[in-house]
Amino acid sequence: MELNIPQFDPDEEEQANRKSRREAAAEVQGNMSGRRALKAVLIDLSGTLHIEDTAVPGAQEALNRLRQACVAVKFVTNTTKESKRSLMERLHRLNFNLQEKEIFTSLSAARRLLEQKQHRPLLLVEDSALEDFTGIDTSEPNAVVVGLAPDHFNYQTLNKAFSMILDGAPLIAIHKARYYKQKDGLALGPGAFVTGLEYATDCKATVVGKPEKTFFTQALHDLGCSPGEAVMIGDDARDDVGGAQNAGMLGILVRTGKYRDGDENKIQPPPHLTCDSFPDAVEHILKNLL
Amino acid sequence: MAETKWPGCAGGLKAVVLDMCGVLYDSEPGRTVAIPGSVEAVNRLMSSDLQLRFCTNETQSSRDKFVAMLQTAGFDISVSQIFAPAPAAVAVLNERGLRPHLLVHDGVLSEFDSVDKTDPNCVVIGDAAEKFSYQNLNDAFRVLTGLEKPLLFSLGQGRYYKETNGLSLDVGVYMKALEYACDLKAEVIGKPSPRFFQSVLNDMGLQPHEVLMIGDDLVNDVGGAQNCGMKGIQVRTGKYRPSDEKHLTVTADGTVDNLSQAVDMILSQRGG
């Protein structure tokens, strides 16, 4: 079987929604003359700035050049297990210049949703992700948050989560990846468990990570700019570029990380730009979008 | 022309197929309790001229242990009369030359003793309960992703069931999880799969219109049997809900209070 790693697959309902989103995005693109000046750049981490423990050549310098321009920068990523602090520490080790408050992850998006709705979650996330939920009340839980938690995905815990959802607790998914790559092979992603719980309870999960539109609008919210004033750079055609463009942003696809030949043809409308790597994307922004 | 409506159709029947849990007995903590009148109803069917088979989606124990458990509740049923998903799966595996990776309950493992499980080329999942850990599911997932043509068999597709200490997720949930992760469709073995009902008909050498199914599960027992051309009667015991009687897609040929009443009606149509 053919595997793209790690892969998201929007459910059928979403595919039905896609057309209207596509039309909306096309409208934004067709309306470029009315586009306001670029105010923000969202940047994916893994596969775009670095591949595992190696920085993309020239990426640190390119980031510094971008910072000297009059534009806000935010780092956005889908993670189910890494806290913002641990992401930042890894990037610091690779000599990237960034602060924790500039990182927005699928865990941040989940936290924001919990705060907005004042839910008390049962958190099925790995212990390493818990620090991003510090201060959230988890007593007498009334919502289920599913991340990736091999230690917690056992029969008892899933039965408990199931009973809560049946009693009316909302099901919140950090994201719906089918699987991810581990050193020793592929491993089941959170999407499998979310789908199982959806089937058992006949309900739909609220997904908070990329490529959801709300993920991008929330990431931009703190920067006080609208999607029409922002661009996203990433290596995942569907989740980074397609998601951002559906939200009304421009999307730039880089040919690093998980990029495979022809990925730019997998989304409609196509990426605003497809280029070799992050430094080229920055070059394009500095030359053409500011 | 022969009567086709319940209960008149009972006059022309040659066999009755019974669901087990919720029709014959209820499961209580640590024991099996016969539903009042069911032991006697089974005995009356056995001594009639009708053939009798039992059709269950039980996948937590082998038929041997299952028969012994039924005996303690007063039922005298032989292994050869029982149709369950595990032996049906074994038949499919043998027929297609498949070697399974098993994710099933320990209690049902012995049904697979005769099957070659080396170098697996498919996955079979059943209601594995406590064995549904991340690790075990991931092992099944890796077997599937390692196959050129991934093949998943699921012993039933139930969502959940009730136990004394609360609700438990059933095999269907884990089937859906693996389907999503591997982007495939599982083959379901057991009710309501037509193949499963057909195997019961083949065993008796009968045509579907000669056979009546009695069950407590409207969709899996009644609907499944009807899809095969059999009549389906629902009992108001077990998992029966009043809302079943106005279900959108499945309408039972008849609804009776319990097995005992069903057997009364069948036998009286046959002048017995």
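Residues numbered from 1 in each chain as written. Chains lettered and ligands numbered in written order. Predicted model: local features only at pLDDT ≥ 70, side-chain atom pairs only at ≥ 80, totals over all residues. Heavy atoms only, no water.

A. Fine view of the interface of chain A and chain B. Each partner contributes to the interface: chain A provides 34 residues, whereas chain B provides 33 residues. Each partner contributes to the roughly 2800 Å² buried at the junction of chain A and chain B, and carbon and sulfur atoms together form 61% of this total. There are 2 salt bridges connecting chain A and chain B. Of the charged contacts in the structure, one is a salt bridge between Arg142 of chain B and Asp184 of chain A, with a shortest N-O distance of 3.3 Å. Where chain A packs against chain B, one counts 12 residue pairs in polar contact (both at pLDDT 80 or more). If you list the elements that add at least two residues to the side of chain A that touches chain B, you get helix H5 (155-166), strand E9 (179-182), strand E10 (185-188) and helix H6 (190-201) of chain A. No other element matches the 8 residues that H6 of chain A contributes to the side of chain A that touches chain B. Here the residues of the side of chain A that touches chain B are counted per class, giving 20 nonpolar, 9 polar and 5 charged. (Contact = heavy atoms within 4.5 Å. Buried area = accessible area lost by both parts, 1.4 Å probe. Salt bridge = Lys/Arg side-chain N within 4 Å of Asp/Glu carboxyl O. Polar contact = N/O pair within 3.5 Å; in protein donor to acceptor, adjacent residues only side chain to side chain. Helix = DSSP H or I, 4+ residues; strand = E, 2+ residues; numbered from the N terminus. Nonpolar A, V, L, I, M, F, W, Y, C, P; charged D, E, K, R; others polar.)

B. Seen up close, helix H8 (residues 237-246) of chain A. Residues and elements named next belong to chain A. Extensive coverage of H8 is indicated by the burial of 9 of its 10 residues. A distance of 3.0 Å separates the backbone nitrogen of Arg238 from a side-chain oxygen at the start of H8, and that oxygen is part of Asp236. Just beyond H8, the residue with positive phi is Gly248, at close to 100°. (Buried < 20%, exposed > 50% of the residue type's maximum accessible area, 1.4 Å probe, protein only.)

C. Layout of the nonpolar core. Leu188 of chain A together with Ile125 and Tyr174 of chain B are the most contacted members of the largest nonpolar core, which totals 53 residues. Per-element tally for this core: the top contributor is helix H5 (residues 171-182) of chain B, with 8 residues. (Core = buried A, V, L, I, M, F, W, Y, C linked by side-chain atoms within 4.5 Å.)

D. The pattern of salt bridges, seen in detail. Residue and element names in this part refer to chain A. Enumeration over the complete set of coordinates arrives at 34 salt bridges over all chains. Residue Asp236 pairs with Lys258 through a salt bridge whose shortest N-O separation is 2.9 Å. Taken together, the positions of Asp236 in the loop between strand E12 (230-234) and H8 and Lys258 in the loop between strand E13 (250-254) and strand E14 (273-275) put the pair 22 residues apart, joining distant regions of the chain. The class for Asp236 is buried, based on a relative accessible area of 10%. Salt bridges sharing common partners tie together Asp44, Lys210 and Asp240.

E. The arrangement of the sheet that holds strand E11 (residues 187-189) of chain B in detail. Residue and element names in this part refer to chain B. Spatial ordering of the open sheet is given by E6-E7-E8-E11, a layout of 4 strands whose pairing is parallel. Two strands in the sheet have a free side with no partner beyond their single neighbour: strand E6 (100-103) and E11. Between one strand axis and the next, the sheet turns by 25° as a mean value, whatever way the strands run. Two elements, strand E7 (residues 122-125) and strand E8 (residues 152-155), share 3 bridges in a ladder whose sense is parallel. From the neighbouring strand, Ile125 faces E8, where its bridge partner is Ser154. Docked against the sheet, helix H3 (residues 85-96) engages E6, E7, E8 and E11, running at close to 155° with respect to E8. In this fold H5 packs onto E7, E8 and E11, with an angle of close to 165° to the strand it touches most, E8. (Pairing = 2+ DSSP bridges. Axes fitted to C-alpha atoms, helices over the stretch in contact; angles between N-to-C directions.)

F. Structural context of the packing of aromatic side chains. Summed over all chains, the structure comprises 9 aromatic pairs over all chains. Residues Phe193 of chain A and Tyr134 of chain B carry aromatic rings whose centres are separated by 5.8 Å and whose planes lie at 25° to one another, so their mutual orientation is stacked. With Phe193 of chain A in helix H6 and Tyr134 of chain B in helix H4 (residues 134-145), the pair connects residues from two separate chains. Pair check on accessibility: Phe193 of chain A and Tyr134 of chain B agree, each one buried. When the centroid spacing of 5.6 Å and the interplanar angle of 90° are considered together, the rings of Phe215 of chain A and Phe216 of chain A count as edge-to-face. In this structure Phe215 of chain A comes out as buried when scored by relative accessible area, which is 0%. (Phe/Tyr/Trp six-rings, centres within 6.5 Å; stacked < 30°, edge-to-face > 60°.)

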